[in-house]
Amino acid sequence: GDRACSTQTECLEILARILHKALHPSLNLLVAIVVTDNQMCYLECEKDLSEYCGYFDTSLLQNILDYTEKLNPQQIRKLFYILGELAFSQRQEDSYIQDDMHMVIRKWLSSTVPKYKQMGIIGAITVAGSMAAKRRKEDGCSLERTQQSEEYCRQLSILLDLVSYCCEQSPEALALYYDELANLIEKQKGNLDSATDNWFLCSVHLFPVKSLYNLDEDESQGTIVINLLPLLSQNWLGKSVDENTTRNQGKKIVSPECLSPSFRLLRLYTTEQHNGSMEEIDALLGCPLHLTDLEIEGNLDSLAKQEREFLCSLLFHSLNWFREVVNAFCQQQDLEMKGKVLTRLQNITELQNMLRKCLAGDIPLSVAWLTPCRGSDSGMAYVCKTISLPGEKKQKSEGSKDSSADHSQMEENPEGNQPEAETTQLEKDTTEKKSGIPLVQLQSYRAFFRELDLEVFTILHCGLLTKSILDSEMHTEAREIVQLGPAELVFLLDDLCQKLEHILIPPAAKRAPFLKGKACRKIGFSHLCQRSSQEVAQCAVELLKPLCNHMENMHNYFQALMTENQGVVDGPRVNIQEHQLMSSCYQQLLQAFRFLFAWSGFSQRENSDLLRSALKVLADRLKPGETGFLLLEDLISESFHYLLNFQHSVPNFQCALTLTQLLIVIAEKPVASWKKDKIASLAKQFLCQSWMQLSGTREKGSQFSDALHTLLCVYMEHTDNILKAVEDISSVGVPELINSANDGYSSTYPTLTRQTFPVFFQVMMAQLENSARSISAGKPSDSSELEKLLHWNMAVRDFHILVNLVKVFDSRPVLSICLKYGRLFVEAFLKLAMPLLDYSFKKHREDVQSLLKTLQLSTRQLHHMCGHSKIHQDLGLTNHVPLLKKSLEQFVYRVKAMLAFNHCQEAFWVGILKNRDLQGEEILSQDSEENDPGEGVSQLPREDPAEVFLYTAAVPIAFMVPEHPWWYSS
């Protein structure tokens, strides 16, 4: 690992040295290469590099090319872009760089190793882009430039023919070839040299149209469809038509893996040739797919494994086709076209639902029969081909719609009950139990889906649209109203949130899975990564108005639902499936807002106008037309109040948490005290609210516990008095829980149950320890001495209450939390409180006495916990014991030192303390002697613990001495 990273860095450093040598500083040429975690190479050029080819040294260039197998696809593109710009200059006709690059590319393309073939394809297309790009006109060079363009056309044709020939026997390589060409056309939009344009685009070997569209040589008038099923059958079963006949007829057998990539290339080529118009191919939007009968979900259990895998493969290819169709036509302004796009979105959600059911079964399905989409830069070639996910138990489910083609353009019924699209994990348990639909999270299969473009989210602007239903003669038979439904909205919002999180939220702010490479994080975002975070943020800001519309619709829906059912979530009139979809929409909308406003780029001066634009959209919802001249702080306040209005309609705890996090993000620009109080009040309101599932039971599970932990931390961090908040929960909420039934809860804090008590306990202990550490250490002349004593008195009282809760809630997690944070609290007390007590002992003797006496009771309970963990031989608990005993021992002798400092060392006494369990009962198995408290230290048996007595005003306060020194291993 370290050596690989070192090699990769060395390669990039060599490239940087070459560029430094080639480009003279006086030319004001900006070439910035930044290596981030030895993975990515970013290049920005403000001037053409081609004039400086002569500065390069052949041996250094060869060193670069020798290291290329250590680079990822994006780095290879950057490398060949640099070399291509340097090689194909107007003044370098026979550059040795061209020869070296062509030699390496040919070597890679002819390799049978998929990784090298992928590198060859990427390098060849990148070099082709440099050859076909427009050159700057210079005085006196127009004739030379024309002659050189003709030479480049010849080289370009030879290069593309070579790539096509090397890829035609490998569908995976051909699909990558199409994707790379499409990416090049999209990136070089309007920048292809007119002299090389036709040569370049005409050299592209597109898929055989007749084979895909069911067109025969004779002029039959059969139905035109996307011929997916026959192509997949040939590919799957290996039963192709007579190859000799095919060769004689000039036909090619095309893999369905090339269908979506070739269509992307076709539509980008079409828009490039016709100035953005897609009239030449708009019939493909409504062109039906030739599929099998999909009304078989009741018979899925009877299908053999190979049959199910074939069906899954068919669904994957269908989904990818529809995704590319939506990518292509999402920006069409014609209402009829928009209606068809919405229908294709409905097809996607229906097929995804069918795919989840096919993937969920008693027999796990391997996806080795699938090929990852080539648009992904997730690593070198042909990764992820052996992903295998465990099957989930199959359940019988309701019927779904068939998306196979008939004689109409749009044969699916958009008005039927839509099966659920991708829901959040929070909804999973309820969905399976209530609707009987088994869910397989398609997020694990991201590598096999085509990426949606950012332009797709313009669909969020859509309202009610109409589309035509055609008869067999392609005449309008009827008109149907379509709209963006909840399932389609969930699909779009889920993808939008993933994109915003990937680009706008830095990786350091997210927890990386153990042993997961950074390439895995980039799966499915290859097109997105070609855009800057500012471009993505700008796109998201432009979507804020429709997002606000949708969120207000969600708010109104749940408000009306609660009114209709008198606040009962699981009322008889509640449509469970619709409720789940709308809840998912609400959650994703809130997440999209949070990811956008959490973007760190808003803090940069150049993005201040963009931030104002975003806040103005939210503020306008409250005060339309009155926000044009508001200051930034006023815009933040209005936006905060606008979002705060949604607090009464959030349908579940996860939405409540996300809304709170969104308000925190808004309030941090900048923070005002009233906003902090509002957030604390809102968090407490959600903690004091009963959150029910649609099944009628309380929300529970690991995700609910995680969300509860986060919201409880938010409440503690924003409340004005943490110690008071901890005391309120531990003194009011916990006793209510103790006095309730086994499945009961606290009436004041309904989220506090026996299942969630460890969450509350962990947060309270951690926040108590943090609060104690925030109290500054005492000084001899401290004006706030009494105030600090009061703070420590309240902290020790809270600590005593929490530690003694272990007598009732003695589960292993609670014990572990108490041992860990108990030690940290004692250490904080030693470091910060004891210096204060040194100087306060004489002036506030009774307060100090009460403080130490209360803490002594807590340390005694901690000692009992140490004995408990030793008796039960719990390794997880005993690991905390040595450090805790060390702290307890230090505490005893620190008190002795305080007494000596105040000339009261005669008050320090030691006695015997019996070992007891958590309930305070004596452990009879110990080998100890009973001695009077007045015996000296020397009389103590070594194996028994000691009890120290401090006499102040004739009132004893006891401290625990560990049974053994802290370094002793029990």
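Residues numbered from 1 in each chain as written. Predicted model: local features only at pLDDT ≥ 70, side-chain atom pairs only at ≥ 80, totals over all residues. Heavy atoms only, no water.

In the annotation of an unreviewed UniProt entry, the entry for the protein reads Fanconi anemia group D2 protein, and the organism field reads Chrysemys picta bellii. Turning to the protein, the UniProt record has this under Sequence similarities (unreviewed entry): "Belongs to the Fanconi anemia protein FANCD2 family." We quote the UniProt Subcellular location (unreviewed entry) comment for the protein here in full: "Nucleus". (UniProt positions renumbered as here; feature names shortened; annotations may be inferred.)

Our next topic: the overall build of the protein. The helix and strand tally for the protein stands at 33 helices and seven strands. For the protein, the proportion of its 970 residues judged to be buried stands at 55%. Here the protein has roughly 43,600 Å² of accessible surface; of this, 49% comes from carbon and sulfur atoms. (Helix = DSSP H or I, 4+ residues; strand = E, 2+ residues; numbered from the N terminus. Buried < 20%, exposed > 50% of the residue type's maximum accessible area, 1.4 Å probe, protein only. Areas by Shrake-Rupley, 256 points an atom, 1.4 Å probe, with all protein chains shown as cover.)

Bringing the nonpolar core into the picture now. Counting 202 residues, the largest nonpolar core has F329, I459, L460, F597, W792 and F829 as its most contacted members. Counting residues per element, this core draws most heavily on helix 30 (residues 812-840), at 16 residues. In this structure I459 touches V326, C330, V341, L342, L345, L484 and L492, once residues within four positions along its chain are discounted. I82, V104, A173 and C258 belong to the second largest nonpolar core, which has 44 residues in total. (Core = buried A, V, L, I, M, F, W, Y, C linked by side-chain atoms within 4.5 Å. Contact = heavy atoms within 4.5 Å.)

What follows concerns helix 14 (residues 305-329). Across its 25 residues, helix 14 extends 36 Å between first and last C-alpha, which sits within 8% of the 36 Å expected from 1.5 Å per residue. The buried count for helix 14 comes to 22 of 25 residues, which makes it a mostly enclosed element. (Expected span 1.5 Å × (residues − 1).)

As a further point, take the packing of helix 17 (residues 486-504) against helix 19 (residues 533-542). Running from N to C, helix 17 and helix 19 cross one another at 145°; their axes reach a closest spacing of 9 Å. At the point where helix 17 passes helix 19, the crossing takes the left-handed sense. Together, L500, I503 and L504 of helix 17 and S533, V536, A537 and A540 of helix 19 make up the contact between the two elements. The residue inventory of the contact of helix 17 with helix 19, partitioned by class, reads six nonpolar, one polar and no charged. (Axes fitted to C-alpha atoms, helices over the stretch in contact; angles between N-to-C directions. Left-handed = near helix turned anticlockwise from the far one by under 90°. Nonpolar A, V, L, I, M, F, W, Y, C, P; charged D, E, K, R; others polar.)

Attention now moves to the packing of aromatic side chains. This structure, assessed with the given rule, holds 22 aromatic pairs. On the basis of an interplanar angle of 45° and a centroid distance of 5.9 Å, the ring pair of F316 and Y445 is categorised as tilted. Residue F316 is found in helix 14, and its partner Y445 is found in the loop between helix 16 (428-434) and strand 3 (465-470); the two are separated by 129 residues along the sequence. Taken individually, F316 and Y445 each receive the classification buried, so the pair is uniform in this respect. (Phe/Tyr/Trp six-rings, centres within 6.5 Å; stacked < 30°, edge-to-face > 60°.)

What follows covers the environment of R573. Along the chain, R573 turns up in the loop between helix 20 (544-564) and helix 21 (576-597). Under the relative-accessibility criterion, R573 is labelled exposed at 58%. In the structure, R573 is positioned twelve residues away from L561 in sequence and 8.8 Å away in space, judged by C-alpha atoms. When neighbours within four sequence positions are excluded, R573 is seen to be in contact with E564 and N565.

Below, the discussion takes up the side chain of E324. Positionally, E324 belongs in helix 14. In this structure the side chain of E324 is engaged in a polar contact, spanning 3.0 Å, whose partner is the side chain of R450. Dropping the residues within four chain positions of it, E324 is found in contact with S260, F263, R264, R267 and R450. (Polar contact = N/O pair within 3.5 Å; in protein donor to acceptor, adjacent residues only side chain to side chain.)

Here we come to the confidence of the model for the protein. Taken over all residues, the pLDDT of the protein has a mean of 75, while the share at 70 or more is 67%. Note on residues 18-54: pLDDT under 50 across the span, and 78 contacts to partners over four residues away in sequence or across chains. Below a pLDDT of 50 lies the segment residues 512-519, which in the model reaches four contacts outside its immediate sequence neighbourhood of four places, other chains included. (pLDDT = per-residue confidence, 0-100.)

Further remarks concern the pattern of salt bridges. As enumerated under the stated definition, the model contains 18 salt bridges in all. The salt bridge partner of D453 is R267, with a shortest N-O separation of 3.0 Å. Pair noted here: D453 is in the loop between helix 16 and strand 3 and R267 is in helix 12 (residues 259-273), with a separation of 186 residues, a long-range link. You'll find D453 and R267 in the same group, each marked buried. Residues R621 and E552 are paired through a salt bridge, measuring 3.0 Å at the closest nitrogen-oxygen approach. Here R621, found in helix 22 (residues 608-622), pairs with E552, found in helix 20; they are 69 residues apart in sequence, far enough to count as distant. With a relative accessible area of 24%, E552 lands in the partly exposed category. Residues participating in the shared-partner salt-bridge network are D179, E186, R264, R267, E324, R450 and D453. (Salt bridge = Lys/Arg side-chain N within 4 Å of Asp/Glu carboxyl O.)

To continue, consider helix 17. Between the first and last C-alpha of helix 17 there are 26 Å, a value that for 19 residues agrees with the 27 Å anticipated at 1.5 Å per step. Taking burial as the measure, the 19 residues of helix 17 include 17 buried ones, the bulk of the element.

Moving on to the environment of A132. Structurally, A132 can be placed in helix 5 (residues 114-132). Among the residues examined, A132 registers a relative accessible area of 0% and is labelled buried. Along the primary structure A132 and Y152 are separated by 20 residues, whereas in three dimensions their C-alpha atoms are 7.5 Å apart.

Its identity as a non-glycine residue notwithstanding, N275 has a phi of 55°, on the positive side. When you line up the elements, N275 lands in the loop between helix 12 and helix 13 (283-286). Note on N275: relative accessible area 78%, which makes it exposed.

Turning our eyes to something else, we now look at the packing of helix 19 against helix 22. For any two helices packed against each other, one specifies the inter-axial angle together with the distance between the axes. Where helix 19 meets helix 22, the axes come as close as 9 Å, and the angle between the chain directions of the two elements is 20°. The orientation of helix 19 with respect to helix 22, classified from their angle, is roughly parallel. Handedness of the crossing formed by helix 19 with helix 22: left-handed. Between helix 19, through A537, Q538 and V541, and helix 22, the contact on the second element is made entirely by L610, S613 and A614. Among the residues forming the contact of helix 19 with helix 22, the class breakdown is four nonpolar, two polar and no charged. (Parallel < 35°, antiparallel > 145°, perpendicular 65-115°, else oblique.)

For the structure on display, the rule yields zero disulfides. With no disulfide of its own, C258 lies closest to C167 among cysteine sulfurs, the gap being 9.5 Å. (Disulfide = S-S within 2.5 Å.)

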